[in-house]
Amino acid sequence: MSSHIHHTLEELVLIVALAIVAVVTIFANLLVIAAFCIDKRLRKTNNYFVISLTIAGFLTGGYSIPLYCITKWTKTEPLPSICQLCGFLDNALATISVWTLAMTSLDRYYMVINYKRYKQVVTSGRAKLVLVLV
């Protein structure tokens, strides 16, 4: 007995669009990661926040979106434990992104308000510590 999965046009458009978004997201974030790793001039304190967002975006594009596409395509959950992990990872990555954006805003604000002391107060080690705590 053959079981065929039928998809509506809307489902197919959604799956294809998400697949394209995943590929673009992975590629764009890999370019940022590569630039950060290759060019030592980019390894400045304020860019640690950018690389944190990049890693979160890369993980979303490389794990969460493809798993969602597979679930939509097969109309089943591949493995319930993986889907639970995916839900957790989606929420964790979104939370990390929001907190990183908040920390980036505070970093920019402090740099504008107190630019003379910025480099003394906002060090590379402190920025990394903040990102680990986020």
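Rules used in this analysis
Residues numbered from 1 in each chain as written. Predicted model: local features only at pLDDT ≥ 70, side-chain atom pairs only at ≥ 80, totals over all residues. Heavy atoms only, no water. Core = buried A, V, L, I, M, F, W, Y, C linked by side-chain atoms within 4.5 Å. Buried < 20%, exposed > 50% of the residue type's maximum accessible area, 1.4 Å probe, protein only. Helix = DSSP H or I, 4+ residues; strand = E, 2+ residues; numbered from the N terminus. Contact = heavy atoms within 4.5 Å. Phe/Tyr/Trp six-rings, centres within 6.5 Å; stacked < 30°, edge-to-face > 60°. Polar contact = N/O pair within 3.5 Å; in protein donor to acceptor, adjacent residues only side chain to side chain. Axes fitted to C-alpha atoms, helices over the stretch in contact; angles between N-to-C directions. Parallel < 35°, antiparallel > 145°, perpendicular 65-115°, else oblique. Left-handed = near helix turned anticlockwise from the far one by under 90°.

S.K.: Sorry if this is basic, but what is going on with the nonpolar core here?
M.R.: Soluble globular proteins: nonpolar side chains tend toward being buried together. Ranked by size, the top nonpolar core spans seven residues in total: Phe36, Tyr48, Phe49, Ile51, Met103, Ala127 and Leu131. Only helix H2 (45-74) and helix H5 (124-133) provide two or more residues apiece to this core. If we ignore the near neighbours within four places in the chain, the residues touching Phe36 are Leu42, Arg43, Asn47, Tyr48 and Ile51.

S.K.: I'm lost on the side chain of Asn29 in this one. Help?
M.R.: Of note, Asn29 is situated in helix H1 (residues 9-38). Taking relative accessible area as the criterion, Asn29 reaches 14% and is therefore assigned buried. When residues no more than four places from it in sequence are discounted, the contact partners of Asn29 are Thr54, Gly57 and Phe58.

S.K.: Looking at this structure, I do not really get the packing of aromatic side chains. What am I missing?
M.R.: Ring pairs (aromatic) are described by centroid distance and by the angle formed between their planes. A complete count under the given rule lists two aromatic pairs for this structure. Judged by centre distance (5.9 Å) and plane angle (70°), the rings of Phe36 and Tyr48 are edge-to-face. On the criterion of sequence distance, the pair formed by Phe36 in helix H1 and Tyr48 in helix H2 is long-range, its members being 12 residues apart. For the pair shown, Phe36 and Tyr48 are each scored as buried.

S.K.: I tried to follow the side chain of Asp107 on my own but got confused; where do I start?
M.R.: Here Asp107 lies in helix H3 (residues 80-113). The buried category is assigned to Asp107, whose relative accessible area is 5%. In this structure the side chain of Asp107 is engaged in a polar contact, spanning 2.7 Å, whose partner is the side chain of Arg108.

S.K.: Would you mind going over the packing of H2 against H5 with me for this structure?
M.R.: Relative orientation and spacing of two packed helices are given, respectively, by the angle between their axes and the distance between those axes. With their axes 8 Å apart at the nearest point, H2 and H5 run at an angle of 25° to one another. If you check the angle between H2 and H5, you find them roughly parallel. In this structure, H2 crosses over H5, and the sense of that crossing is right-handed. Together, Thr45, Tyr48, Phe49 and Ser52 of H2 and Ser124, Ala127, Lys128, Val130 and Leu131 of H5 make up the contact between the two elements.

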